[in-house]
Amino acid sequence: MPVAKEQLQEMSTQLSEVIRLIQEQEAEFVSKVESVCPIYKQSAENLLHYVAFRGFDARTLQKQLKQLGLTRLANAEGNILGSLMNLKFMVDQLLGKQTIAEENQFLTIGEGKTTLRKHTDQLFGVSAKARRVRIMVTQPTEAATHYDLVLGMVKNGMDCARVNCAHDGPEVWKAIIDNVRRAAEECNTTVKIAMDLAGPKIRTERLPEGPLVKKFRTSKKGQESRGMIFITLVPKDKPDLGPNELPVSKKWMDKLRVGDDIRLLDHRGRSRKVKVVQKEKDAVLLLSPKSVHISSGTLLTPSRKKMKASKVGSLPSTEQSIVLREGDYLMVVRNAADSALPVFDANGNLLEPGSIGCHPPEIVDKMKVGTPILFDDGKIEGVITETHKEGFKVEIKRAGEGTAKLKGEKGINVPTLDLGISGLTEKDKSDLEFVAQHADIVNFSYVNTEADVEGLLQELDRLGVKNSLGVILKIETQTAYKNLIGILISAMQAKHLGVMIARGDLALEVGWKDMATVQEGILSFCSAAHIPVVWATQVLEGLAKKGMPSRSEITDIASSVQAECVMLNKGPHIHKAISFLDEVLENIEGSHDKKEVLLPKMEW
């Protein structure tokens, strides 16, 4: 059905209105973009044009443009004002107006995409690969000592190696970087080094170390009699005990014979009998038909009367955890020394809730009754029911699939509160000195405000790398998303800039139901600013860790082509994951150009 003249006139009026709204803010634009790096001046202006455009409800206009077969501006973020002026000219031509196309000082259609590609190359290096989207891979500690592991990553398609400053230290980081540089040179390719600053992550403190106990159990719970458990006795001076090894006196161990029975009272007070089934020079193999918990000092008494008893040597301490169920309570305390395990009665009923410390401790002062709180990447959910000077009480609303264990150094998220904790920590400033010397990119964790960005840039300027070190802003909090425009404008003082959608923490912060909308928002605003985006967290997690991807992970890859880089986390099958992602991205890009679907010829 032909579009009526009245509709065309309405469209022309609406286009004039939105162009006027954008142009009226030019004065404000000038003051906001005056401090940005010259290469980002047009990008900053275009971002602010797009922000102004998003303040206009364009849905009716978009439907009318669709009827005409014209662009609906859904993918015009990169050159929004030029696209609007072009549409206004075309609609006016349909109305018969003799309009002269304005001389456009802003980006024309297609220039935004070209600028984004240029900024991507500046950040990640020019790629000779067939695909547009780069692959970033988190490096495990083993990458410091296993060159072949790193070489395989490069051969399979890694474009950027991520080293996390939250783990290991400078010696390990340097060894990893050296292996990456060596592998890139061997493969005649470019691989950038990106290093994550740990940032002010809110987390639980470590619990007191548990008793020196080793638990020997069958794999089939509740069916101990159907399995056998092997325990190996080794000399006390043996370094690095294995998972099934117990240290004992070498002289006593040498006197044991195959067939000897040894009685003991285990850590739980249960009587157990184990049998010697094999003997070697520095090891004696025992067989137990039932589970047994053995602690340091446990008395081992052979059945042979002439042979004396001996004690188990010192065992390593165990990391403890607080077991939580729905309806339980948990105390989060300011002082980690006040941490304690929960107390139960003989029937398993909770008598006294467990306590765990938090870091930084000052978050205790910010908590409010009724506030939702999440632990360990959202595995445990609760609500704050009491607040005190020394801590706060949490009622557990969900704990895994029935029960969950909360350990030390696990993340805490409080989505509805601004805890005012952001910026560079003292550790970050120290680590940044290493990053400035050895890396190509710094990943800035937990950025929340423009002031955080200014703080980072000041440190980069002090270290003399403000114009050479790339910066990737990790958007992982609700506060960061709300302040995104100001954060991007402030960060454009750096020469090479990117944004990472850290979907793990971000999803917890904004809520699962809003995550898709927030993700699309970040992609759109970064596209308007011509800033490359890294699609991160749990990409092909099943394939990297277990060797088999899930169906939803494959769908996730298809969506990831909206970004300029995809990040994989470490895992035993990481080579397979990189190779698979490399191939799938190349195939998908044949029918997608960022958010625009292309239509290749189909074979019927």
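The coordinates are above.
Parameters at a glance
- Residues numbered from 1 in each chain as written.
- Predicted model: local features only at pLDDT ≥ 70, side-chain atom pairs only at ≥ 80, totals over all residues.
- Heavy atoms only, no water.
- Helix = DSSP H or I, 4+ residues; strand = E, 2+ residues; numbered from the N terminus.
- Buried < 20%, exposed > 50% of the residue type's maximum accessible area, 1.4 Å probe, protein only.
- Contact = heavy atoms within 4.5 Å.
- Areas by Shrake-Rupley, 256 points an atom, 1.4 Å probe, with all protein chains shown as cover.
- Lys, Arg positive; Asp, Glu negative; His and termini not counted.
- Charge placed at Lys NZ, Arg CZ, Asp CG, Glu CD.
- Phe/Tyr/Trp six-rings, centres within 6.5 Å; stacked < 30°, edge-to-face > 60°.
- Patch = residues over 30% accessible without salt bridge, like charges linked within 9 Å, V, L, I, M, F, W, Y side chains within 5 Å.
- Salt bridge = Lys/Arg side-chain N within 4 Å of Asp/Glu carboxyl O.
- 1 Å grid on protein atoms, 1.4 Å probe; cavity = no way out; pocket = protein on both sides within 12 Å on 5 of 7 lines; lining within 4 Å.
- Points joined across faces, edges and corners; volume = space filled by probe spheres on them.
- Nonpolar A, V, L, I, M, F, W, Y, C, P; charged D, E, K, R; others polar.
- Axes fitted to C-alpha atoms, helices over the stretch in contact; angles between N-to-C directions.
- Parallel < 35°, antiparallel > 145°, perpendicular 65-115°, else oblique.
- Pairing = 2+ DSSP bridges.
- Expected span 1.5 Å × (residues − 1).
- Core = buried A, V, L, I, M, F, W, Y, C linked by side-chain atoms within 4.5 Å.

Undergrad: Go over the overall build of the chain with me, naming the residues and quoting the values.
TA: Helix and strand content of the chain: 18 helices and 30 strands. By residue count, 50% of the 604 residues in the chain fall in the buried class. Here the contacts in the chain between residues at least 6 apart in sequence split such that 72% fall between residues at least 24 apart. When the accessible surface of the chain is summed, it comes to about 29600 Å², and 50% of that surface belongs to carbon and sulfur atoms. Placing the 82 positive and 79 negative side-chain charges of the chain at their respective mean positions leaves the two points 10 Å apart.

Undergrad: Provide a residue-level description of the packing of aromatic side chains, including the pertinent values.
TA: Under the counting rule described, the total for this entry stands at three aromatic pairs. Measuring from centroid to centroid gives 5.5 Å for tyrosine 50 and phenylalanine 525, while their planes differ by 70°, and the two rings are edge-to-face. Of this pair, tyrosine 50 sits in helix α3 (residues 41-54) while phenylalanine 525 is found in helix α15 (residues 512-528), placing the two residues 475 residues apart along the sequence. A residue is classified by how much of its surface remains accessible, and tyrosine 50, at 4% relative accessible area, is buried. Both rings, one in tryptophan 173 and one in phenylalanine 434, keep their centres 5.4 Å apart while their planes meet at 65°; by these two values the pair is edge-to-face. Remark: phenylalanine 434 occurs in helix α10 (residues 426-438) and tryptophan 173 occurs in helix α8 (residues 170-186); sequence separation between them is 261 residues.

Undergrad: Got a sec to walk through a nonpolar patch on the surface? Specific residues and values, please.
TA: Judged by side-chain polarity, Met228, Phe230 and Val277 come together as a nonpolar surface patch covering roughly 270 Å² of accessible area. By secondary structure assignment, the location of methionine 228 is in the loop between β5 (213-216) and β6 (229-235).

Undergrad: Please provide a residue-by-residue account of empty space enclosed by the protein, values included.
TA: One water molecule sets the probe size; rolling that probe over the atoms shows where empty space is left. Taken as a whole and assessed by the stated rule, the structure comprises two cavities of 30 Å³ or more. A volume near 40 Å³ is recorded for the largest cavity. Considering the residues around the largest cavity, the lining is formed by Arg206, Leu207, Pro208, Glu209, Thr318, Glu319, Gln320 and Gly408. Looking at the lining of the largest cavity residue by residue, the class counts come to two nonpolar, three polar and three charged. Space inside the second largest cavity adds up to approximately 30 Å³. What lines the second largest cavity is Gln42, Glu45, Asn46, His49, Phe106 and Leu107.

Undergrad: Now, about the packing of α3 against α15: what can you tell me, with residues and values included?
TA: Where α3 meets α15, the axes come as close as 7 Å, and the angle between the chain directions of the two elements is 135°. If you check the angle between α3 and α15, you find them oblique. Side by side, α3 and α15 meet where Ser43, Asn46, Leu47, Tyr50, Val51 and Arg54 of the first sit next to Ser524, Phe525 and Ala528 of the second. For the contact of α3 with α15, the class distribution of residues is five nonpolar, three polar and one charged.

Undergrad: For the sheet that holds strand β21 (residues 391-399), give the residues involved together with the corresponding values.
TA: Two orientations exist for strands paired in a sheet by backbone hydrogen bonds: parallel and antiparallel. The strand order across the open sheet formed by seven strands is β4-β18-β15-β21-β20-β19-β23, and the pairing between neighbours is mixed. The open sheet terminates on both sides in strands that have one partner only, identified here as β4 (203-204) and β23 (412-413).

Undergrad: Explain helix α5 (residues 80-94) to me, using residue names and the numbers behind them.
TA: Look at α5: 21 Å from first C-alpha to last across 15 residues, which is about the 21 Å you get at 1.5 Å a residue. Taken residue by residue, α5 has Ile80, Leu81, Gly82, Ser83, Leu84, Met85, Leu87, Lys88, Val91 and Asp92 as its buried positions. Turning to α5, the residues buried within the fold contact α1 (5-24), α3 and α4 (59-68). Glycine 96 lies just past α5 and shows a positive phi near 85°.

Undergrad: Give a detailed account of the nonpolar core, specifying residues and quantitative values.
TA: Counting residues in hydrophobic clusters, the biggest one holds 115 residues, and the most contacted among them are Met195, Leu473 and Met492. When near neighbours in sequence (up to four residues on either side) are disregarded, leucine 473 contacts Phe444, Val447, Val453, Ile487, Leu488, Ala491, Leu497, Gly498, Val499 and Met500. Core analysis: the second largest hydrophobic core is formed by 25 residues, Ile322, Leu324, Ile396 and Val414 among them.

Undergrad: Can you tell me about the sheet that holds strand β10 (residues 284-288), naming the residues and giving the values?
TA: One open sheet accounts for seven strands, arranged β7-β6-β10-β9-β8-β12-β13; its pairing is mixed. Pairing within the sheet leaves two strands with one partner each, and these edge strands are β7 (245-248) and β13 (310-311). Relative to β7, β6 runs parallel, the two sharing four bridges. Bridging across to β7, valine 234 finds its partner in proline 247.

Undergrad: Lay out the layout of surface pockets in plain terms, naming residues and giving numbers.
TA: Reported here for the second largest pocket is a volume of approximately 610 Å³. For the second largest pocket, the lining is made up of 20 residues, of which Lys215, Glu319, Gln320, Ser321 and Lys405 are closest to its centre. Among the elements of the structure, β5 and β14 (322-325) are those that each provide at least two residues to the lining of the second largest pocket. Of the residues forming the lining of the second largest pocket, the biggest block, three residues, is contributed by β5.

Undergrad: Can you break down the pattern of salt bridges residue by residue, with the values?
TA: Overall, the coordinates contain 36 salt bridges when judged by the stated rule. Residue glutamate 245 pairs with lysine 238 through a salt bridge whose shortest N-O separation is 3.0 Å. You can call lysine 238 partly exposed: its relative accessible area is 32%. The salt bridge involving lysine 397 is made with glutamate 395; its shortest N-O contact spans 3.6 Å. Classification of lysine 397 by relative accessible area gives partly exposed; the value is 42%.

From the geometry alone we can't say anything about function, so treat these as descriptive.
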